[in-house]
Amino acid sequence: MSELNAARRNELPPGEFAFPEQRKLPLEDAQHVRNAIARFDQVEGVTDAERDAAWQRLLAAAQREGVQVHEQSWRELGQKGGRP
């Protein structure tokens, strides 16, 4: 798994996170994007509007990194017919 150490995480610009204000779910490479999809619904203390914006950042990163996303919305995560 592609983990970031604290120093590298602090070097990333806010735009490299799905949730930039909280600096949660880095989107630096394809593995991070996959991890962000898997952990997206585990992020606490954010509004639906923040999730909507984070999902758009995640989709842009997925496209950039060549990661296929089956869900149209974060609300579909974990539902039957979504990701295997």
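This is a predicted model, so every value here is computed, not measured.

Asks: Give me the overall build of the chain: which residues, what numbers.
Replies: Helix and strand content of the chain: three helices and two strands. Helices (α) and strands (β) of the chain occur, in sequence order from the N terminus, as α-β-β-α-α. The C-alpha radius of gyration computed for the chain amounts to 12 Å, which stays within 12% of the reference 12 Å derived for 84 residues, consistent with globular compactness. Considering only C-alpha atoms, the chain reaches an extent of 40 × 25 × 20 Å along its principal axes. Counting across all 84 residues of the chain, residues that qualify as buried make up 35%. Of the contacts made within the chain by residues no fewer than 6 positions apart, 40% connect residues no fewer than 24 positions apart. When the accessible surface of the chain is summed, it comes to about 5300 Å², and 45% of that surface belongs to carbon and sulfur atoms. Once the 12 positive and 14 negative side-chain charges of the chain are each reduced to a mean point, those two points are 2 Å apart.

Asks: A description of the environment of His70 should follow, citing residues and the corresponding values.
Replies: Tracing the sequence through the fold places His70 in the segment after helix H3 (48–65). Under the relative-accessibility criterion, His70 is labelled partly exposed at 42%. In sequence terms His70 and Gly45 are 25 residues apart; their C-alpha atoms lie 25 Å from each other.

Asks: Talk me through the confidence of the model for the chain; I want residue IDs and the actual numbers.
Replies: Here the chain shows a mean pLDDT of 88. Residues at 70 or above account for 90%. At the low end of the mean pLDDT range in the chain sits helix H1 (residues 6–11), at 80; at the high end sits H3, at 96.

Asks: Could you give an account of the pattern of salt bridges, with specific residues and numbers?
Replies: Taken as a whole and judged by the stated rule, the model has three salt bridges. As a salt-bridge pair, Asp48 and Arg75 come within 3.7 Å of each other at their nearest N and O atoms. With a gap of 27 residues between them, Asp48 in helix H3 and Arg75 in the segment after H3 connect regions that are remote in the sequence. By relative accessible area, which is 43% here, Arg75 ends up partly exposed. Between Asp52 and Arg75 there is a salt bridge whose closest N-O contact spans 3.3 Å. Of this pair, Asp52 sits in helix H3 while Arg75 sits in the segment after H3, and the two are 23 residues apart along the sequence.

Asks: Describe H3, and please don't skip the residues or the numbers.
Replies: When the terminal C-alpha atoms of H3 are compared, their 25 Å separation across 18 residues agrees well with the 26 Å that a helix rising 1.5 Å per residue should span. On its buried face, H3 is in contact with strand E1 (17–19) and helix H2 (30–39). With its phi angle positive at about 75 degrees, Gly66 sits one or two positions after the end of H3.

Rules behind the numbers
- Residues numbered from 1 in each chain as written.
- Predicted model: local features only at pLDDT ≥ 70, side-chain atom pairs only at ≥ 80, totals over all residues.
- Heavy atoms only, no water.
- Helix = DSSP H or I, 4+ residues; strand = E, 2+ residues; numbered from the N terminus.
- Rg over C-alpha atoms; globule rule 2.2 N^0.38 Å.
- Buried < 20%, exposed > 50% of the residue type's maximum accessible area, 1.4 Å probe, protein only.
- Contact = heavy atoms within 4.5 Å.
- Areas by Shrake-Rupley, 256 points an atom, 1.4 Å probe, with all protein chains shown as cover.
- Lys, Arg positive; Asp, Glu negative; His and termini not counted.
- Charge placed at Lys NZ, Arg CZ, Asp CG, Glu CD.
- pLDDT = per-residue confidence, 0-100.
- Salt bridge = Lys/Arg side-chain N within 4 Å of Asp/Glu carboxyl O.
- Expected span 1.5 Å × (residues − 1).

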